[in-house]
Amino acid sequence: MAESVMDNKSKTEGGSRRLWAVFFAITALIIALAAASTASPKISLFGKVNKLCSCSQQQKYTGIVEDCCCNYETANLLNEEVLYPSLQELVKTPFFRYFKVKLWCDCPFWPDDGMCKLRDCSVCECPDNEFPELFKRPFRRGLPSDAPICQEGKPEAAVDRTLDHRAFRGWTVTDNPWTNDDETNNDEMTYVNLQLNPERYTGYTGPSARRIWDAVYSENCPKYPSEELCQEERLLYKLISGLHSSISIHIAADYLLDEDTNSWGENLTLMYDRVLRYPERVRNLYFTYLFVLRAVTKTATYLEQAEYNTGNPTEDLKAHSLIRQLLYNPKLQAACPLPFDEAKLWKGQRGPELKQKTQEQFRNISALMDCVGCEKCRLWGKLQVLGLGTALKILFSQNGEDKIVQTLQLQRNEVIALINLLNRLSESVKFVHEKGAAVERIMERQSGLFPFASILLQKVWPFSSSLLS
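This is a predicted model, so every value here is computed, not measured. (Residues numbered from 1 in each chain as written. Predicted model: local features only at pLDDT ≥ 70, side-chain atom pairs only at ≥ 80, totals over all residues. Heavy atoms only, no water.)

(A) The arrangement of the overall build of the protein in detail. A tally of helices and strands in the protein yields 16 helices and four strands. Residue burial in the protein is summarised as follows: out of 469 residues, 52% are buried. Pairs at least 24 apart in sequence give 82% of the contacts found in the protein among residues at least 6 apart. (Helix = DSSP H or I, 4+ residues; strand = E, 2+ residues; numbered from the N terminus. Buried < 20%, exposed > 50% of the residue type's maximum accessible area, 1.4 Å probe, protein only. Contact = heavy atoms within 4.5 Å.)

(B) Quick peek at the pattern of salt bridges. Throughout the structure, instances matching the rule amount to 17 salt bridges. Where Arg350 meets Glu233, a salt bridge forms, and the shortest distance between an N and an O atom there is 3.7 Å. Taken together, the residues span a long stretch of sequence, with Arg350 in the loop between α12 (330-335) and α13 (351-368) and Glu233 in helix α7 (residues 231-253) at a distance of 117 residues. Residue Arg350 is classed as partly exposed on the basis of its relative accessible area, which comes to 42%. Taken together, the shared-partner salt bridges connect Glu66, Asp67, Arg234 and Lys238 into one network. (Salt bridge = Lys/Arg side-chain N within 4 Å of Asp/Glu carboxyl O.)

(C) A look at the nonpolar core. In terms of nonpolar packing, the biggest core is built from 107 residues, with Phe96, Phe99, Leu235, Phe291, Phe340, Phe396 and Ile419 touching the most fellow members. Ranked by residues supplied to this core, first place goes to helix α16 (residues 412-468) with 13 residues. Excluding residues within four positions of it along the chain, Phe96 makes contact with Leu90, Val91, Leu194, Tyr308, Ile323, Val415, Ile416, Ile419 and Asn420. (Core = buried A, V, L, I, M, F, W, Y, C linked by side-chain atoms within 4.5 Å.)

(D) Summary view of the packing of aromatic side chains. Tallied over the entire structure, the rule returns 14 aromatic pairs. With centroids separated by 4.9 Å and ring planes inclined at 80°, the aromatic side chains of Phe95 and Tyr308 adopt a geometry described as edge-to-face. Of this pair, Phe95 sits in helix α3 (residues 94-97) while Tyr308 sits in the loop between α10 (300-305) and α11 (313-327), and the two are 213 residues apart along the sequence. You'll find Phe95 and Tyr308 in the same group, each marked buried. Ring-pair connections join several aromatic residues into one group, and the members of that group are Trp178, Phe287, Phe291, Phe340, Trp346 and Phe396. Cation over ring: Arg200 sits above Trp264, and NZ or CZ is 3.6 Å from the ring centre. Directly above the ring of Trp380 sits Arg424, whose terminal nitrogen or CZ lies 4.8 Å from the centroid. (Phe/Tyr/Trp six-rings, centres within 6.5 Å; stacked < 30°, edge-to-face > 60°. Lys NZ or Arg CZ within 6 Å of the ring centre and 35° of its normal.)

(E) Highlighting the UniProt feature "active site" (unreviewed entry) in the protein. UniProt annotation of "active site" (unreviewed entry) refers to Cys374 and Cys377 when read in the numbering used here. Under the relative-accessibility criterion, Cys374 is labelled buried at 0%. Position of Cys377 among the secondary structure elements: in helix α14 (residues 375-397). (UniProt positions renumbered as here; feature names shortened; annotations may be inferred.)

(F) Inspection of the UniProt feature "binding site: FAD" (unreviewed entry) in the protein at higher detail. Listed under "binding site: FAD" (unreviewed entry) in the UniProt record, and renumbered for this structure, are Arg200, Thr202, Trp213, Ser241, His244 and Arg274. The exposure class assigned to Arg200 is buried, which follows from its relative accessible area of 19%.

(G) Molecular detail of the packing of helix α9 (residues 279-298) against α14. At a minimum axis distance of 9 Å, the contact between α9 and α14 shows a crossing angle of 55°. Our classification of the angle between α9 and α14 gives oblique. In this structure, α9 meets α14 at a crossing whose hand is left-handed. The residues of α14 that touch α9, namely those facing Thr288, Phe291, Val292, Arg294, Ala295 and Lys298, are Leu388, Ala391, Leu392, Ile394, Leu395 and Phe396. In terms of residue class, the contact of α9 with α14 is made up of nine nonpolar, one polar and two charged. (Axes fitted to C-alpha atoms, helices over the stretch in contact; angles between N-to-C directions. Parallel < 35°, antiparallel > 145°, perpendicular 65-115°, else oblique. Left-handed = near helix turned anticlockwise from the far one by under 90°. Nonpolar A, V, L, I, M, F, W, Y, C, P; charged D, E, K, R; others polar.)

(H) Inspection of unusual backbone geometry at higher detail. Not every positive phi belongs to a glycine, and Asp67 is a case in point at roughly 65°. Structurally, Asp67 can be placed in the loop between α1 (2-39) and α2 (72-90). A relative accessible area of 17% places Asp67 in the buried class. Unlike most non-glycine residues, Trp346 shows phi in positive territory, near 60°. Looking at the element boundaries, Trp346 is found in the loop between α12 and α13. Trp346 sits in the buried class, given a relative accessible area of 13%.

(I) Highlighting the side chain of Asp258. Within the fold, Asp258 resides in strand β3 (residues 255-258). Within the structure, the side chain of Asp258 is placed 3.4 Å from the backbone nitrogen of Thr261, a separation counted as a polar contact. (Polar contact = N/O pair within 3.5 Å; in protein donor to acceptor, adjacent residues only side chain to side chain.)

(J) Fine view of the confidence of the model for the protein. Across the protein, the average pLDDT comes to 75, with 65% of residues at or above 70. Here helix α4 (residues 133-136) is the element of the protein with the lowest mean pLDDT, 32, and α2 is the one with the highest, 97. Across residues 36-57 the pLDDT falls below 50, and counting only partners more than four positions away or on other chains, this stretch makes 46 contacts in the model. Here residues 126-170 is modelled with pLDDT under 50, and outside its nearest four sequence neighbours on either side it reaches 95 contacts, counting other chains as well. (pLDDT = per-residue confidence, 0-100.)

(K) Fine view of the pairing of strand β1 (residues 98-101). What you see with β1 is no split at all: Tyr98 and Lys100 on one side and Phe99 and Val101 on the other are buried throughout. As paired strands, β1 and strand β2 (residues 190-193) are joined by four bridges and run antiparallel to one another. Note on β2: the bridge partner recorded for Tyr98 is Asn193. (Pairing = 2+ DSSP bridges.)

(L) The arrangement of the side chain of Asp67 in detail. Within the structure, Asp67 has its side chain in polar contact with the side chain of Arg234 (distance 2.9 Å). The residues touching Asp67, leaving out its near neighbours within four places in the chain, are Gln231, Arg234, Lys238, Phe287 and Phe340.

(M) Just the environment of Thr301, in detail. Tracing the backbone through its elements, the reader meets Thr301 in helix α10. Here the alpha-carbon distance between Thr301 and Arg324, two residues 23 residues apart in the chain, equals 9.5 Å.

(N) Quick look at α7. An ideal rise of 1.5 Å per residue puts 33 Å on 23 residues; α7 measures up with 32 Å between its terminal C-alpha atoms. Taking burial as the measure, the 23 residues of α7 include 19 buried ones, the bulk of the element. (Expected span 1.5 Å × (residues − 1).)

Spelled out as structure tokens, the structure:
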């Protein structure tokens, strides 16, 4: 009897010890998680991520950007001091704010079965009856400062239809040989206010979205080991990868964190998983940025002489002045006069063949944009692919600065797309430079914490289970 009592007492004491072990283990886990959150108060461990304070961080990307003529340090400095502030102002001017696009096209490769789960997927356009009569008249000044309110109380939502008649005398209507869109059929085109339709998370996910990128990479710019490819064969993959990285950064930077409260912010976990944890993707972002910058600087004389007339003299003068400031900035000319050297490409016996193959592949990628099932994603996909196609057209149409001034012809839509693309890349580079290193450290610290928590729970769980049995 006494032995039985002693056995029960021993079991009770053993159970108590195990219970305390469970308690202390769980407490330690909670403290560890809290410490991680305290060290990074603005990072959520469970997916909802708010703004991260930027601070000076040691950068992991240094030296010359591969296949370019400018280093990371210079690219970041010029972006911060010259390009980013100028481009932010430029894309808000009437000339660069409105983009003409064909949004309703059949996919040439498969039936369009894409579905979006958010209203943010759609492009906001003004019905014709909301347009001020002044905007509809072909030869009157547009975009007055007292324009009537349109679309959710936002006056900038009204699309200035007079642009078709006034704004772009001297621009060509010739199609771009690098892209698939037919810009000459105005009946199928519509104007979209880019400021009213920002590139952001739309809820466009699933097989339809994955199929687009799978087709882009697997069929048109497959990745091979770098040592097996010449620079020409690496070009298209790096450009598309850089563009893809920039798109992912913008989606993560303006993400729907809570649909119930319509709370938007930065999803740094997504940004890390999609871009920052892969150094090659970051390097390709910088490559694409410098490639497009070179296209803009190469066509400086052409862009300086072009008309930026929307019927609003003040805003048009501002656009022209900002273009000149950007193209002829002394810091840019001194620090990185040749961001990318296109003269080195397409040489040798295989040069023309490789160029034609790259052009055909890029045209296919351009056509794939009609297969994007999300309207807003299609808008930004078309704009940025057209911008990249314009950069390819500028850099590889003619050799030499003098020849390009004499022979280059650009659509106004190409220039709008080119400048807006450079702005999107500039924003992405700025984010990576200012916050990338901090985000990487935080995510790596968290990823190291959770395996520890998992192991701890595996050791504790048998004890807790025995107490319940």
